[in-house]
Amino acid sequence: VQLQACGGGLVQAGGCLRLSCGASGRTFDTARTAWFRQAPGKGREFVAAIIWSGGSTYYSDSVKDRFIISGDNAKNTVILQMNSLQPEDTAVYYCAADRSRRTAYYSRDDAYAYWGQGTQVTVSS
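Model, not experiment: these values are computed from the prediction.

Chemist: Is there a simple way to think about the environment of A31 in this case?
Modeler: Take A31: it is sitting in the loop between β3 (17–24) and β4 (32–38). Setting aside anything within four residues of it in sequence, one finds A31 in contact with I50, I51, W52, S53, D98, R99, S100 and R101.

Chemist: How should I be thinking about the nonpolar core in this particular structure?
Modeler: Core analysis: the biggest nonpolar cluster contains 27 residues, and W35, V47, F67, L80, M82 and Y93 have the highest contact counts within it. Put simply, the parts of the chain that give this core at least two residues each are β1 (2–6), β3, β5 (44–51), β7 (67–71), β8 (77–82), β9 (91–98) and β11 (119–124). When near neighbours in sequence (up to four residues on either side) are disregarded, M82 contacts G15, C16, L17, L19, R66, F67, Y93 and V121. By size, the runner-up hydrophobic cluster in this structure holds seven residues, among which are F36, F46, A49 and A111.

Chemist: Would you mind going over empty space enclosed by the protein with me for this structure?
Modeler: Once rolled over the atoms, a probe with the size of a water molecule shows which space is left empty. The final tally for this structure, using the stated rule, is one cavity of 30 Å³ or more. What the largest cavity holds in volume is close to 60 Å³. Every residue lining the largest cavity is listed: V1, L3, C21, A23, T27, T30, T33, K75, N76, T77, V78 and A97. For the lining of the largest cavity, the secondary structure elements donating two or more residues are β3 and β8.

Chemist: What should I look at first to understand the state of the cysteines in this one?
Modeler: Every disulfide links exactly two cysteines, by a covalent bond between their sulfur atoms. The tally for this structure, following the rule as stated, stands at one disulfide. One disulfide in the model links C21 with C95; its S-S distance is 2.2 Å. The chirality of the disulfide connecting C21 with C95 is right-handed, given an S-S dihedral of about 65°. Residue C21 is located in strand β3, and its partner C95 is located in strand β9; the two are separated by 74 residues in the primary sequence. The class of C95 is buried, set by a relative accessible area of 0%. The closest cysteine sulfur to the non-disulfide-bonded C6 is located on C21, 8.6 Å from its own sulfur. Of all cysteine sulfurs in the structure, the one in C6 sits closest to C16, which takes part in no disulfide; the separation is 16 Å.

Cut-offs and rules
Residues numbered from 1 in each chain as written. Predicted model: local features only at pLDDT ≥ 70, side-chain atom pairs only at ≥ 80, totals over all residues. Heavy atoms only, no water. Helix = DSSP H or I, 4+ residues; strand = E, 2+ residues; numbered from the N terminus. Contact = heavy atoms within 4.5 Å. Core = buried A, V, L, I, M, F, W, Y, C linked by side-chain atoms within 4.5 Å. Buried < 20%, exposed > 50% of the residue type's maximum accessible area, 1.4 Å probe, protein only. 1 Å grid on protein atoms, 1.4 Å probe; cavity = no way out; pocket = protein on both sides within 12 Å on 5 of 7 lines; lining within 4 Å. Points joined across faces, edges and corners; volume = space filled by probe spheres on them. Disulfide = S-S within 2.5 Å.

In short, geometric facts, not functional conclusions.
Below you can see the structure in the form of structure tokens.
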């Protein structure tokens, strides 16, 4: 599976951005896709995940009620709609995917085998 993330940019606090993660290759058995982010000097942080079987979605407490993750049925595209952005949302955002059906690990970055290259999101105050 190859992943390509895009849609980052510079936005003022309170604004919104829409990130897209395009998947190619063997996608039919992808079990879950997620977004993580990494701010300067910090570790990689879970943002949101979608479990393809059933369509359940999960969010970190820091983005819940502001971000929305969605995807198409073919598992080719995953969107992260980010609303009410704050300076603390500034980071490089990565999409990740895995075939494992151990959905309990959706928030762990070591539970994803496939990663996109990352896209920068900068929120100014």
